[in-house]
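# Geometric and topological summary
Listed here are the chains, written in short residue letters.
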Amino acid sequence: MSAETLPANAPVFGYRHLLGIQGFSAEEISFLLDISNRYASALPQDLKKESILSGFTVINLFFETSTRTLTSFELAAKRLGADVINMQIAWSSIKKGETLIDTAMTLNAMHPDVLVVRHPDSGAVKLLSEKVNCCVMNGGDGSHEHPTQALLDALTILRRKGRLAGLKVAISGDIKHSRVARSNIYLLTTMGAQVRVIAPPTLLPAAIERLGVEAYTDMRAGLKDVDIVMMLRLQTERMQGSFVPSIREYFHFFGLDRDKLSLAKPDALVMHPGPMNRGVEIDSELADDIDRSAIREQVEMGVAVRMACLDVLTAPERSRRAQAR
Ligand code: CP
């Protein structure tokens, strides 16, 4: 099972890098979700036999902390048979003042096939992709985009609800600093979902409606009759100054609890990309309620989506190598 086994009439994915969701067509998103779903449905014994990336090297270059994205990219690449290196930034020459570009050029000289990059600056991953020969995948750049997170969120919704088009999705929390919110807005609006964003005025980007969403500063109004409630944490690492009066007040007005969730549809699904701050943006007991919360499933889908993206992006090089044999 890989992108190469799709029907001949499947759309071609004509991108060398995966930098963001913005600009992807509904067909391109569906293509990635279809392959992701195949990986998610595959039996563990089948996945262990995968070796389509045998002879390929994947380097994870994370300039910000990560649990889910880093681990699932490593697992996904290893399940496909790749050699994987996780760069230890704390032990790298970046600590001696080497720039992002010099670091990228140095790694490029070792001929990796894929670089997965997370960086605190919006646009840094795109800049890096212009300097190297290999595929670059964005593991999250500043408050710009986190494309594989949006894909895994969409796959989770699709598997639970059977569709994206027509669903009412509320994304609630620190919209201003969230790359997850941006990638999800691009993906969900392109796929025909109705997206609302909910946040205090201080955490809503100016003119967010231009992205095709409805903005709410009253969480109760924003949650009315939605199918999906996607919660976001306060991205304090990107904040300069204070954006909320107090955590206690924030939870009172913008924390998801059962009382506020009762305004959504009775079968509304609760989601969170993680890491969660329990008692800040979400009630702890609700987050763990497997009847309402898909948070663990989101993590599980992360591996499948990253396998699919690695598969699709390396397909041209795999085909080149096969012809050269
Ligand atoms: N959702 C997400 O990106 O989590 P990590 O920061 O743990 O990778």
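None of these values were measured; they are calculated from a predicted model.

## Let's talk about the packing of helix α1 (residues 26–41) against helix α12 (residues 295–324)
Two numbers describe how α1 lies on α12: the axes approach to 8 Å, and their chain directions differ by 120 degrees. In terms of orientation, α1 lies oblique with respect to α12. Relative to α12, α1 is oriented so that their crossing is right-handed. Side by side, α1 and α12 meet where F31, L32, I35, S36, Y39 and A40 of the first sit next to M301, A304, V305, M307, A308, D311 and V312 of the second. By residue class, the composition of the contact of α1 with α12 is eleven nonpolar, one polar and one charged.

## Focus: the state of the cysteines
Evaluation of the coordinates by the stated rule reveals zero disulfides. Distance from the sulfur of C134, which forms no disulfide, to the nearest cysteine sulfur (C135) is 6.8 Å. Looking at the unpaired C309, the closest cysteine sulfur is the one in C135, lying at 11 Å.

## Quick notes on the environment of A76
Tracing the backbone through its elements, the reader meets A76 in helix α3 (residues 68–79). Through-space distance from the C-alpha of A76 to that of C309 is 9.5 Å; in sequence the pair is 233 residues apart. Excluding its chain neighbours within four sequence positions, the residues that come into contact with A76 are V303, R306, M307 and L310.

## A word on the packing of aromatic side chains
Summed over the entire model, instances satisfying the criterion amount to five aromatic pairs. Between F13 and F31, the aromatic rings sit 6.2 Å apart at their centres with planes inclined by 15 degrees, giving stacked as the arrangement. Residue F13 is located in the segment before α1, and its partner F31 is located in helix α1; the two are separated by 18 residues in the primary sequence. Judged on exposure class, the residue F13 and its partner F31 are both buried. Summarising the aromatic geometry, the rings of Y250 and F254 are spaced 5.8 Å apart at their centres and angled 25 degrees between planes, so their arrangement reads as stacked. Here Y250 and its partner F254 are both found in helix α9 (residues 247–254), four residues apart, which amounts to about one turn of the helix.

## Re the layout of surface pockets
Approximately 380 Å³ is the volume found for the second largest pocket. Along its surface, the second largest pocket is lined by 21 residues, and R118, R179, R233, G274 and P275 are the ones closest to its centre. At the level of elements, α3 and α7 (179–190) are the ones that each hand at least two residues to the lining of the second largest pocket.

## Structural notes on the sheet that holds strand β3 (residues 114–119)
An order of β2-β1-β3-β4 is seen for the four strands of this open sheet, with the pairing classed as parallel. Edge strands, defined here as strands with exactly one partner in the open sheet, are β2 (83–86) and β4 (135–141). Strand-to-strand twist across the sheet, computed as the mean angle between neighbouring axes with direction ignored, equals 15 degrees. One ladder, built from five bridges, connects strand β1 (residues 57–62) with β3; its direction is parallel. Opposite N60, over in β3, you have V116 as the bridge partner.

## So, the packing of α1 against helix α6 (residues 147–161)
Two quantities define a packed helix pair, namely the angle between the helix axes and the distance between the axes. Relative orientation of the contacting elements α1 and α6 amounts to 70 degrees, with a least axis distance of 10 Å. It follows that α1 is roughly perpendicular to α6 by the angle criterion. You can see that α1 and α6 cross each other, and the crossing is right-handed. In contact with L32, L33, S36, N37, A40 and S41 of α1, α6 contributes L151, A154, L155, L158 and R159. Of the residues assigned to the contact of α1 with α6, the class counts are seven nonpolar, three polar and one charged.

Here is what the cut-offs are and how they apply
- Residues numbered from 1 in each chain as written.
- Predicted model: local features only at pLDDT ≥ 70, side-chain atom pairs only at ≥ 80, totals over all residues.
- Heavy atoms only, no water.
- Axes fitted to C-alpha atoms, helices over the stretch in contact; angles between N-to-C directions.
- Helix = DSSP H or I, 4+ residues; strand = E, 2+ residues; numbered from the N terminus.
- Parallel < 35°, antiparallel > 145°, perpendicular 65-115°, else oblique.
- Left-handed = near helix turned anticlockwise from the far one by under 90°.
- Contact = heavy atoms within 4.5 Å.
- Nonpolar A, V, L, I, M, F, W, Y, C, P; charged D, E, K, R; others polar.
- Disulfide = S-S within 2.5 Å.
- Phe/Tyr/Trp six-rings, centres within 6.5 Å; stacked < 30°, edge-to-face > 60°.
- Buried < 20%, exposed > 50% of the residue type's maximum accessible area, 1.4 Å probe, protein only.
- 1 Å grid on protein atoms, 1.4 Å probe; cavity = no way out; pocket = protein on both sides within 12 Å on 5 of 7 lines; lining within 4 Å.
- Points joined across faces, edges and corners; volume = space filled by probe spheres on them.
- Pairing = 2+ DSSP bridges.

As far as function goes, none of this settles anything; it's purely spatial.
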